[in-house]
Amino acid sequence: MEEPDKQLVEELCRSGIGRGDLVALAIWPRTGLGMATPTAAASVSLGVEDPSAVVRLVEDALRPRWVLWSNDTAATLAQSGVRIATSWDIAAVDRLLFGGWRTDPARAWAHVHDLALEEIPRNAPADLFGDSGRGGGDREDPVRPDGHLRAEWVSGDWRTTPDRLRRWAELASVVASLQQARLDELASPPRASFTARSESAAELLCAEMSIDGLPMDRGVAEEIVAGIVGPRPRSDSDAAEQRARRDAEVLRHAPPGSDVDLRSPGQVKSLLRRAGFDVPDTRAWRLEALRDAHPVIDALLTWRKAERVATTYGYAWLDERLGADGRLRGTWAGSDGAAGRMTASGGLHNMPAEMRGAVVAEPGRVFVRADLGQIEPRVLAAVSRDAAFARASVADDMYAPVAAQLGVDRSTAKVAVLGAMYGQTTGHGAQALRGLAAAYPVAMTYLEEAARSGQVGRDLRTYGGRLVVMGSTNANEVDEREARRQAAARGRYGRNALVQGAAAELFKVWAVTVRARGADLDARIVLCLHDELLVHVPIEQSDAVARLLDDCLQEAVRRWAPDDSVRFVADIGVIERWSDAKR
DNA sequence: TGCGGCTATTG
DNA sequence: CACAATAGCCGCAG
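One structure accompanies this document, and this report is about it. Keep in mind that this is a model prediction, so the values were computed, not measured.

Observations regarding the sheet that holds strand E4 (residues 65-68)
Hydrogen bonding along the main chain pairs the strands of a sheet, whether they run parallel or antiparallel.
And then number 1: With mixed pairing, the five strands of this open sheet are ordered in space as E3-E2-E1-E4-E5. Both edges of this open sheet fall to strand E3 (42-47) and strand E5 (86-89), since each of them pairs with a single strand only. Going from strand to strand, the sheet's axes swing by 25 degrees on average, the running direction of each strand aside.
And then number 2: The pairing of strand E2 (residues 32-37) with E3 spans six bridges and is antiparallel. Within the sheet, the bridge partner assigned to Ala36 lies in E3 and is Ser43.
And then number 3: Against the sheet, helix H7 (residues 162-185) engages strand E1 (22-28), E2, E3, E4 and E5, with an angle of about 35 degrees to E2.

Things to note about the protein's contact with DNA strand C
And then number 1: Taken together, 21 residues lie around DNA strand C, and Gly346, Asn350, Gln424, Arg492 and Tyr493 are the ones closest in.
And then number 2: Each atom of DNA strand C within 4 Å of the protein belongs either to a base or to sugar and phosphate, the latter forming 83%.
And then number 3: Residue Asn350 places a side-chain N or O atom 2.7 Å away from a base oxygen belonging to DNA strand C.
And then number 4: One of the side-chain nitrogen or oxygen atoms of Gln424 is found 3.3 Å away from a base nitrogen of DNA strand C.
And then number 5: If you list the elements that add at least two residues to the surface near DNA strand C, you get strand E9 (343-344) and helix H21 (480-518).
And then number 6: Tallying contributions element by element places H21 first for the surface near DNA strand C, with four residues.
And then number 7: Tallied by class, the residues present in the surface near DNA strand C amount to five nonpolar, eleven polar and five charged.

Concerning the protein's contact with DNA strand B
And then number 1: Near DNA strand B, the surroundings consist of 19 residues, among which Thr282, Ala284, Arg304, Lys305 and Asp531 are the closest.
And then number 2: Here a phosphate oxygen of DNA strand B and a side-chain polar atom of Lys305 are 2.8 Å apart.
And then number 3: One of the backbone N or O atoms of Leu529 is found 3.3 Å from a sugar or linking oxygen in DNA strand B.
And then number 4: Among the elements that make up the surface near DNA strand B, the one with the highest residue count is helix H13 (residues 295-311) (three residues).
And then number 5: Within the surface near DNA strand B, the residues separate by chemical class into six nonpolar, five polar and eight charged.

Basis of the calculations
- Residues numbered from 1 in each chain as written.
- Chains lettered and ligands numbered in written order.
- Predicted model: local features only at pLDDT ≥ 70, side-chain atom pairs only at ≥ 80, totals over all residues.
- Heavy atoms only, no water.
- Pairing = 2+ DSSP bridges.
- Helix = DSSP H or I, 4+ residues; strand = E, 2+ residues; numbered from the N terminus.
- Axes fitted to C-alpha atoms, helices over the stretch in contact; angles between N-to-C directions.
- Contact = heavy atoms within 4.5 Å.
- Near = heavy atom within 4 Å.
- Polar contact = N/O pair within 3.5 Å; in protein donor to acceptor, adjacent residues only side chain to side chain.
- Nonpolar A, V, L, I, M, F, W, Y, C, P; charged D, E, K, R; others polar.

Okay, here's the thing in structure tokens:
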């Protein structure tokens, strides 16, 4: 380690920075870094070849809470093998405070300074004339005279010297302080602040999962694909031939003389009409009922399954996503646009169940898998503070006591509870729905109020403080029927967002607790799936990690829930491949 | 070339 | 078949 780095740490120690204190960080690979401390009102810059190594040094010595503009920085660090314990992720907190899915430093800056979002400077091409730059003022100052951040600073083009990185870190610490103040203004200050920290840690986890990838055995994966679509095509013409053969297998059952593109829903519909079936659409669940009525239906449904694998989860997918190191990679995002669930690209969240057999732990390791049982109704009981519904959560299967209470069978009770949370108002569950309203009025009123907010376009906040932005209908552009339909859709959306969103918050608290407590056991979370965790661990640690997952759930619930009246349960098992899970 | 509609997969 | 997501292909508008 170079001498200036040690001096830096000593300097930070002298300024009184300790565990958990905010230290803003801006880095540029092979250039250097800037740090700024809001409490000590001090900042430093350092030109170094390997800025991540400096971060590691400070992390080991002081373990501050790193203020990052976004998880891009966490990704840069993780790429260098540096894993920081805690952070304040400005982008994540911006989404929490102001809703929505996409953000950037300019937007977060504008939000906390009450600047008009429409006036945020757009990213302009480089100024060929070398004048003072767009927006006027001094280009060395990232803040324009009009108060907005300069586009070239936001895009990163300009943050390429240690001095500028220091300035960028100073601005990050300003934004973090203003965000903290905004969180304190909310109705539930301690909780929103808590959410900000757990959402920030979730961003660190996402950066790590994006880089680490999911263990997958290429040989097994290719065998599974081959079993569905045949061997890997040797050429484009070979691929076209295979495709034509698959199509022909369906078309030979079709009425003669029809030249049908099976990939075109319209043409499939007319094909079915010629075969004697008049259907409003050709979705699988609808055709399932007709499977035995005509051989073309069965052939078509089989074709659809193979076509899915061929186009989305086939050889091209493996070539693009599965690295030579046997890791399947996608990009993880900490919160989606609706209620704040994690998302993953690259098929990690919607991989067909058949492919799970290829998700195999590496030699010397196993997976510890856990999923939360009935997380949404339990979360509803907690956030609505419905004592009667909370009592039902004592059962391993929450629907059993609910069914007994309503005097219906379990499946009816389940449909009714899900219907209440999703906004279903018609069908078989309607009668049981009225029973729910009588038995659990607190929870059902909570849902009704959320639905009403959505209907009138009033924004909502989840239990953890996330803003759920509700659109509104422009009455001039649509007729009354359409306006009613949109209001009803927003009602269902709002109703569900409070449950799904709070569930996502609890899930992330659980996940980041496992991340923190599991580090010493070399336990790595490799997949998060809304209520399920897959943890890759050394075999000898598997029992310890299995216990840890439950301990962490109880710890997460203690910290997240308003009280201890709602029970949360996890099904935990040690497995070698993902498909071994019973579920 | 971009976008809505349809279809599939997952929780 | 309600809530959420990602993703591919088709058909149509520009």
